Amino acid sequence: MSEEQVVKYTGEPAKVKEVNGAWVIDFPRAFTHHHTYGKLTPYFKGLTEGKLMATKCTNPKCNISKGNGEMWLPPRADCPDCYAAMEWIELKQPIVGTIYSYTEVKRGGTGVEIEVPYYQIDIKFENCCTIPKGYLCDSRDEPKIGAKVTPVFRTENPSHTSLDISWKSL
Amino acid sequence: MIKFGPGNLRVPKWTRPVYMVSAGMTDFRKKYPEKKLEELVLEAVKMCVEDPKLKKSAQEVRDMINFACYGEFADHFQDQLLCEAKVHDYLGLDPLFNVGIKTGGATGGSAILMGSSIVASGQANCCLVAGWERMDEVDTWTGNFYISTAACKDFETRLARIYASYYAPMARRFQQVYNLDEKVRAAVAVKNRGYACSSPFAQQPGKHTIEEVLEGPVVCDPLRMLECCAMSVGSAAVILCDEETAFKLSDNPVKVYIAGGSHTLRVSDRRDMEIPLLPNEDEHTYEKLYKDIKSSDGRWPGFESFLAARFAAYLTYQMAGIENPIEELDLVELHDAFTISDIQTYGDIGLTRYGEEPSYITSGDAYYGGKCPANLSGGLIGTMHAVGATGIFSAIEVMWQLQNRYDEFHGADEMWKKFGKTKPTDWKSLQVENAKKGLWVSHAGVGSHVTVGVLEKGW
Ligand SMILES: [Zn+2]
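Residues numbered from 1 in each chain as written. Chains lettered and ligands numbered in written order. Predicted model: local features only at pLDDT ≥ 70, side-chain atom pairs only at ≥ 80, totals over all residues. Heavy atoms only, no water.

In this section: the overall build of chain A. Looking only at helices and strands, chain A features 1 helix and 9 strands. Walking chain A from its N terminus toward its C terminus, one meets helices and strands in the order β-β-α-β-β-β-β-β-β-β. The C-alpha radius of gyration of chain A comes to 23 Å, more than 25% above the 15 Å expected for a compact globule of 170 residues. When the backbone C-alpha atoms are referred to their principal axes, chain A occupies close to 75 × 45 × 35 Å. Within chain A, the proportion of its 170 residues that are buried is 41%. Put simply, 48% of the contacts in chain A that link residues at least 6 apart link residues at least 24 apart. By element, 51% of the accessible surface of chain A is carried by carbon and sulfur atoms, the whole surface being about 10600 Å². (Helix = DSSP H or I, 4+ residues; strand = E, 2+ residues; numbered from the N terminus. Rg over C-alpha atoms; globule rule 2.2 N^0.38 Å. Buried < 20%, exposed > 50% of the residue type's maximum accessible area, 1.4 Å probe, protein only. Contact = heavy atoms within 4.5 Å. Areas by Shrake-Rupley, 256 points an atom, 1.4 Å probe, with all protein chains shown as cover.)

Counting through the fold element by element, A:Gln120 comes out in strand 6 (residues 118–124). In this structure the side chain of A:Gln120 is engaged in a polar contact, spanning 3.0 Å, whose partner is the side chain of A:Lys133. Side chain to side chain, A:Gln120 and B:Ser165 meet in a polar contact 3.1 Å long. Excluding residues within four positions of it along the chain, A:Gln120 makes contact with A:Ser101, A:Tyr102, A:Thr103, A:Val105, A:Lys133, A:Gly134, A:Tyr135, B:Leu159, B:Ala160, B:Ser165, B:Tyr166 and B:Pro169. (Polar contact = N/O pair within 3.5 Å; in protein donor to acceptor, adjacent residues only side chain to side chain.)

Under ideal tetrahedral coordination, the four donors around a metal are separated by 109.5 degrees; under ideal octahedral coordination, the six donors are separated by 90 or 180 degrees. With distances of 2.3 to 2.4 Å, the protein atoms coordinating the zinc ion are A:Cys57 (SG), A:Cys62 (SG), A:Cys79 (SG) and A:Cys82 (SG). One can describe the donor arrangement at the zinc ion as tetrahedral, given that its 4 donor atoms subtend angles of 103 to 117° at the metal. (Donors = N, O, S within 2.8 Å, 3.2 Å for Na, K, Ca; no water. Tetrahedral: all angles 85-135°; square planar, octahedral: opposite > 155°, others 65-115°.)

Now for the packing of helix 7 (residues 164–177) of chain B against helix 14 (residues 339–348) of chain B. Residue and element names in this part refer to chain B. Between helix 7 and helix 14, the shortest axis-to-axis distance is 9 Å and the interhelical angle comes to 55°. On the basis of the axis angle, helix 7 is oblique to helix 14. The handedness of the crossing between helix 7 and helix 14 comes out as left-handed. Here Tyr167, Met170, Ala171 and Phe174 of helix 7 lie close against helix 14, whose contacting residues are Ile340, Ser341, Ile343 and Gln344. Here the contact of helix 7 with helix 14 is composed, by residue class, of 6 nonpolar, 2 polar and no charged. (Axes fitted to C-alpha atoms, helices over the stretch in contact; angles between N-to-C directions. Parallel < 35°, antiparallel > 145°, perpendicular 65-115°, else oblique. Left-handed = near helix turned anticlockwise from the far one by under 90°. Nonpolar A, V, L, I, M, F, W, Y, C, P; charged D, E, K, R; others polar.)

A word on the sheet that holds strand 11 (residues 449–457) of chain B. Residue and element names in this part refer to chain B. Sheet architecture is open: 9 strands sit in the order 3-2-4-7-1-8-11-10-9, paired in mixed fashion. Each edge of the open sheet is held by one strand with a lone partner, namely strand 3 (98–101) and strand 9 (331–333). Within this sheet the neighbouring strands show an average axis-to-axis angle of 25°, counted without direction. Taken together, the 7 bridges between strand 1 (residues 18–25) and strand 7 (residues 233–242) define a ladder with antiparallel strand orientation. When the bridges of strand 7 are listed, methionine 20 appears paired with leucine 240. Most of the contacts of helix 1 (residues 37–49) go to strand 7, to which it runs at about 40°, and overall it touches strand 1, strand 4 (126–134) and strand 7. Docked against the sheet, helix 17 (residues 387–402) engages strand 1, strand 2 (67–72), strand 4, strand 7, strand 8 (254–262), strand 9, strand 10 (437–443) and strand 11, running at close to 110° with respect to strand 1. (Pairing = 2+ DSSP bridges.)

Interfaces are often sized by the amount of accessible area the parts lose when they come together. Residue-level contacts link 48 residues of chain A with 42 residues of chain B. A buried area of about 4000 Å², summed over both sides, lies between chain A and chain B, and 54% of it is on carbon and sulfur atoms. One salt bridge connects B:Asp269 with A:Arg76, and the closest N-O pair in it is separated by 2.8 Å. Counting every contact that joins chain A to chain B gives 29 residue pairs in polar contact (both at pLDDT 80 or more). The set of elements that each furnish at least two residues to the side of chain A that touches chain B consists of strand 2 (22–25), helix 1 (41–48), strand 5 (97–105), strand 6 and strand 7 (133–135) of chain A. (Buried area = accessible area lost by both parts, 1.4 Å probe. Salt bridge = Lys/Arg side-chain N within 4 Å of Asp/Glu carboxyl O.)

Of the strand pairs in this sheet, strand 1 of chain B and strand 8 of chain B are connected by 3 bridges, and their pairing is antiparallel. Following the sheet pairing, B:Tyr19 is matched in strand 8 of chain B by B:Lys255.

Residues and elements named next belong to chain B. Domains assigned within chain B are domain 1 (18–138 + 233–249) and domain 2 (259–451). Once you take the C-alpha centre of each, domain 1 and domain 2 turn out to be 23 Å apart. Listed by partner, the interface residues are 40 residues for domain 1 and 33 residues for domain 2. Note on domain 1 versus domain 2: buried area summed over both sides is about 2500 Å², and carbon and sulfur give 73% of it. Summed over the three residues of domain 1 that lose the most area to domain 2, namely Met25, Phe28 and Gly105, the buried surface amounts to 22% of that side. Linking domain 1 to domain 2 there are 2 salt bridges. Of the charged contacts, one joins glutamate 408 and lysine 53 as a salt bridge, the two residues approaching to 3.1 Å between their closest N and O atoms. Every element with two or more residues in the side of domain 1 that touches domain 2 is listed here: strand 1, helix 1, strand 2, helix 5 (107–121), strand 4 and strand 7. Of the residues belonging to the side of domain 1 that touches domain 2, the class tally is 19 nonpolar, 14 polar and 7 charged. (Domains from an automatic or database assignment.)

A word on unusual backbone geometry. Residue and element names in this part refer to chain A. Cis rather than trans, the peptide bond between leucine 73 and proline 74 has omega equal to -5°. Among the secondary structure elements, proline 74 is positioned in the loop between strand 3 (53–56) and strand 4 (87–90). Following glutamine 93, the chain continues into proline 94 via a peptide bond in cis, with omega recorded as -5°. In this fold, proline 94 is placed in the loop between strand 4 and strand 5. Even without glycine at this site, lysine 66 takes up a positive phi of about 50°. One can find lysine 66 in the loop between strand 3 and strand 4. On the accessibility criterion, lysine 66 (55% relative accessible area) is exposed.

Each pair of aromatic rings is reported with the distance of its centres and the angle of its planes. Using the criterion set out here, one finds 28 aromatic pairs over all chains in the structure. Measuring from centroid to centroid gives 6.0 Å for B:Phe67 and B:Phe97, while their planes differ by 70°, and the two rings are edge-to-face. Of this pair, B:Phe67 sits in strand 2 while B:Phe97 sits in the loop between helix 4 (83–90) and strand 3; the two residues are 30 residues apart in sequence, bridging distant segments of the chain. Ring geometry for B:Phe145 versus B:Tyr146: centroids 6.3 Å apart, planes at 45°, classification tilted. The buried category is assigned to B:Tyr146, whose relative accessible area is 18%. Members of the aromatic cluster, joined through ring pairs, are A:Tyr37, A:Tyr43, A:Phe44 and B:Phe155. One cation-aromatic arrangement involves A:Arg29 over A:Phe27; the distance from NZ or CZ to the ring centre is 4.4 Å. The lysine or arginine in question, B:Lys423, covers the ring of B:Trp427, its NZ or CZ lying 4.6 Å from the ring centre. (Phe/Tyr/Trp six-rings, centres within 6.5 Å; stacked < 30°, edge-to-face > 60°. Lys NZ or Arg CZ within 6 Å of the ring centre and 35° of its normal.)

Next up on the list: the pattern of salt bridges. Residues and elements named next belong to chain B. Using the criterion set out here, one finds 37 salt bridges over all chains in the structure. Salt-bridge contacts for glutamate 304 lead to arginine 173; the nearest nitrogen and oxygen are separated by 3.3 Å. Remark: arginine 173 occurs in helix 7 and glutamate 304 occurs in the loop between helix 11 (287–295) and helix 12 (307–320); sequence separation between them is 131 residues. Each of the two residues, glutamate 304 as well as arginine 173, counts as buried. Where salt bridges share partners, they join Asp51, Lys53, Arg405 and Glu408 into one cluster.

Below you can see the structure in the form of structure tokens.
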């Protein structure tokens with residue numbers, strides 16, 4: 001190194017390879033985002049306590065809900081139809097949903113946290129205007145459209161993510 | 001929303017007509033280390049301004065540009081915020097104003113929609129629209145994760161981190177409810193990869209069979225590997241002008257009509273609603289379909305259809321005066337990121353009625369020589385999905401067809417040589433004879449943003 005280079009280089013030298021005459025360097029990336037669940041915190045906290053929490057609009061002036069809306073799952077804190085704050089409700093146990101569609105995930109993208117292969121399912125509920133996604137807790141359990149499922153909560157060692165709820169056949 | 005107010009349904013009314021006059025693009029590759037991103041964009045723009053059919057020199061064309069719209073899908077992939085500024089400077093276009101446009105997979109269509117609005121309003125007379133994507137800085141599986149961050153990160157992304165897993169349940173449901181034979185899905189892959197064999201721009205040309213597609217590896221059941229597009233690198237560019245400028249530059253510019261629609265990022269949040277009707281449908285058209293949907297515990301648009309595409313078609317057909325799309329359109333370029341998304345769209349844009357989508361393929365209408373061939377370019381599955389460029393590429397392929405220039409850009413030996421390829425000895429022209437009107441779709445997410453554009457012969 002030249003003695004004139006007083007200001008030190010403190011990085012890790014970039015790995016370089018030459019491809020068809022062009023230098024291609026490695027540029028590693030690893031950062032942490034501090035992501036908030038905001039007003040949806042009761043949903044994620046609920047999963048770790050074995051509760052499935054939804055929201056509904058109870059604003060009588062709402063054009064769509066007329067004060068008695070269907071459930072939203074995933075929940076929303078604010079009604080998209082009238083902008084009123086929605087009300088939290090806990091789904092009564094035993095919770096039963098119906099498989100609306102599904103896929104077998106053979107391989108996930110980088111960082112996938114579920115052991116592959118597994119079944120991703122879409123679940124329909126009575127009196128719910130949405131069809132949330134989930135996954136089956138047992139990959140040997142082949143899903144069928146129209147089959148009934150009930151949730152399994154990861155209350156021990158929760159991931160604090162949407163993966164704290166999975167589903168099993170009834 | 002699930003109910004519309006009168007203002008929500010207003011049909012766009014431009015203050016003056018908009019024309020597309022010239023186009024350029026790179027070839028598309030899974031990896032393109034030989035060139036930097038801005039070098040690729042310059043290559044596309046250079047081809048655009050140097051079009052030998054233009055009545056002005058490349059310098060004169062550059063001297064006429066007064067605005068630029070740039071399409072780029074993901075900062076993640078480029079790993080460069082304000083990439084637009086870097087490209088714009090590299091193109092030597094400062095101090096003209098430029099804007100970056102981002103609507104996922106529909107970015108290219110949205111960039112043309114915005115560029116058209118810029119021209120229609122009088123903000124500019126001559127607007128460059130260029131799009132790009134460089135998806136080769138990360139490996140395919142990290143690329144899959146990046147794309148899956150275009151699913152809802154709170155409730156969906158963690159459920160696979162691969163975008164095919166959000167389309168696969170749609171394919172599963174469509175298959176069951178609308179009796180879609182897997183062979184029809186496979187036929188779309190075979191058709192588009194086959195047409196890509198005639199294109200020097202194509203990344204994944206191939207002569208495949210239906211059996212080969214269905215016997216191939218499953219990505220997310222039921223979708224097979226050959227039914228999915230790939231990571232892609234490249235760029236596409238067009239020039240949009242007002243009428244006076246368009247005819248100063250070209251004797252055969254094409255007239256542009258374009259509008260867009262949007263729908264929830266999460267398919268889960270698509271509430272039951274009534275189908276907005278196209279000009280060739282009425283309140284009785286879907287009486288049976290509504291019953292069938294009800295009997296399968298379904299809903300509209302559910303997992304089968306895209307409100308965003310239907311809404312965009314609803315607006316664009318009224319702008320362009322199209323009353324019966326399958327009869328009036330001479331060709332279409334659709335967003336076949338997956339075979340299923342291609343098929344789902346047939347009903348949305350009225351090439352068939354809802355519930356009858358597979359008939360567009362099985363009738364032969366969708367093939368070269370058919371009533372309204374689709375994706376003669378090779379589409380996304382066969383040719384490219386360098387996302388920010390995609391909706392521009394599809395428009396370009398329609399324009400070249402209308403200008404009767406398919407052979408010039410796909411069949412000339414120099415085009416193949418330019419990309420280091422050899423023209424196949426069995427090369428086949430896919431020029432549609434006497435094409436007057438064509439449509440292209442640019443589509444994002446699982447239907448979060450969709451533009452529908454119509455191009456018609458302007459001379
Ligand atoms: Zn409300």
